[in-house]
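Listed below are the residues making up each chain.
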Amino acid sequence: MNDDDIHSLSGAYAIDAVDDAERARFEAHLAGCSQCQAEIASLRAAAGELSLTTITAPPPSLRAAVLRDISSIRVLPPEVTSEAAPAPKLVTPSTPSTPSAPASLESKRAERARRAPLLQWLAGAAAAAALATGGLVWHPWSSGTPAVQLTATQQVLHAKDAERFQKKLDAATATIVRSPSLNKAVIITTNLPAAPEGKVYELWLQQGATMVKAGFVPAGPSNTVLLHGNAATAAGAGITIEPAGGSETPTLPPVALISFV
Amino acid sequence: MVNMTLVPGGELSPVPETRALSAGGGLAGLLKACSLGDETAFAKLYDATAARLFGLVLRTVRDQAQAEEVTQDAYLDIWRNSARFDPDRGSATSWLMMIGHRKAVDRVRSAEATRRRDTAYEAREQAAPFDQTTEEAHRNLDAQRVRRALETLTETQRGALELAYFGGYTHREVAIMMDLPLGTAKTRIRDGLIRLRDTLGLEP
């Protein structure tokens, strides 16, 4: 994707109408493009105005629940740029997943996860064998992070607790870098052959016994994609070939499975 | 809609909620207070914005119970990240709605929501997007202003923007749903947002 193409993605990016591969690529571009940063801010402001057309009062019980819950939540520190900074400045305000969300929300999510269909394709012995490999823990950056704007992807790659899991697939490699503290993971692929016509490579995170879709990775000599979803709680990641547009649950045998444990 | 709304920095008065919001600067001040742990300021922030954020989330996830859950989640994130709001990078309203929107989109795209997703149904439902609003919103002057601005968009721009923003679909999905050539939907979305921005007189 050249710069012209990536720039034309600004509107879709501003309103979250991109897939994870595009988001990662656009954020890499955004970090160094002040023109796009300004455009994104103005387009988000315009999009935010659309909510004026859908105003609906929430029930009073919601207010009570929210006010009750915040009293037990610590406000995160501001982003600082000293060498000791734990959190590099984000290009866009993040809406992180909420590992510390209140118990009520978490338990509801867990309940839904239990009701979800079990992942059949993990049950096989071959899958189990695949999961038994990998698990190399790697801390690539132990010193302080530089005080520059980092994309979410870069933050994961630079995280102090970054763990690295690698898998070879014939000529291709898939490397997952996961930061439990950031609750995010990035996949770096090399030499991934083109998917069959009308098919895409879809990413998955294994949450308990369920595979939860985590985005897409394009074919090509080298790609880096931020996985969608809660990486910290995942037991592993998978890649499958799915029909274009992706699937809600894996429908075809995995290309690769990478265990985090 | 007319609520008894606590205007940021003002007093309790019957004002349209969005009029209170258009004061704008007050929300940034409330966020600043939140970042210092001020729960009273957060309650004011909630009162001034909840109907707008909840309405947006509900429009996207469509399910009342899920919309409440997502809205709660969004406000907890807003509280948690209040120290990271940077007024130099956009308005408080824009930041709040972005968080709510992202949460809603995450929800509809997650596997949990699969059973509620029916592309054909959605596409039909979305055919007359901006006619589905509440009577309250119709009465609201700000809603009318936005609605008029939307009318300046081409049909394709408006349809693509609607599917992407309220429907939570990616531009690639929008292209398929609207029978547009791949790569066209993202351009329509961008062009539509730019026209909306310029018509509403927002700073580029």
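Residues numbered from 1 in each chain as written. Chains lettered and ligands numbered in written order. Predicted model: local features only at pLDDT ≥ 70, side-chain atom pairs only at ≥ 80, totals over all residues. Heavy atoms only, no water.

Let us look at the pattern of salt bridges. All names here are of chain A. Applying the stated criterion to the full structure yields 20 salt bridges over all chains. The shortest N-O distance in the salt bridge between Asp20 and Arg23 comes to 3.9 Å. You can see Asp20 and its partner Arg23 sitting in helix H3 (residues 20-30), three residues apart, about one turn around the helix. Of the two residues, Asp20 and Arg23, both sit in the buried class. (Salt bridge = Lys/Arg side-chain N within 4 Å of Asp/Glu carboxyl O. Helix = DSSP H or I, 4+ residues; strand = E, 2+ residues; numbered from the N terminus. Buried < 20%, exposed > 50% of the residue type's maximum accessible area, 1.4 Å probe, protein only.)

This brings us to the interface of chain A and chain B. Residue-level contacts link 71 residues of chain A with 79 residues of chain B. Summing both sides of the interface, chain A and chain B together bury roughly 7,000 Å²; the carbon and sulfur share of this comes to 61%. B:Arg145 is the partner of A:Glu49 in a salt bridge, and the nearest nitrogen-oxygen pair spans 3.5 Å. Here chain A and chain B share 25 residue pairs in polar contact (both at pLDDT 80 or more) between them. Of all the secondary structure elements, the ones that give two or more residues to the side of chain A that touches chain B are helix H1 (3-7), helix H2 (10-14), H3, helix H4 (34-49), helix H5 (60-70) and helix H6 (103-115) of chain A. The element best represented in the side of chain A that touches chain B is H4(A), accounting for 10 residues. (Contact = heavy atoms within 4.5 Å. Buried area = accessible area lost by both parts, 1.4 Å probe. Polar contact = N/O pair within 3.5 Å; in protein donor to acceptor, adjacent residues only side chain to side chain.)

Our focus in this paragraph is the nonpolar core. Core analysis: the largest hydrophobic core is formed by 79 residues, its most contacted members being A:Ile15, B:Phe42, B:Leu45, B:Ile78, B:Leu161 and B:Leu196. Sort the elements by how many residues they give to this core and helix H3 (residues 39-61) of chain B lands first, with 13 residues. (Core = buried A, V, L, I, M, F, W, Y, C linked by side-chain atoms within 4.5 Å.)

As a further point, take the confidence of the model for chain B. Residues and elements named next belong to chain B. Confidence along chain B averages 81 in pLDDT terms, with 73% of residues attaining 70 or more. Note on residues 1-24: pLDDT under 50 across the span, and 52 contacts to partners over four residues away in sequence or across chains. In the predicted structure, residues 116-133 sits below a pLDDT of 50 and forms 30 contacts with residues beyond four places in sequence or in another chain. (pLDDT = per-residue confidence, 0-100.)

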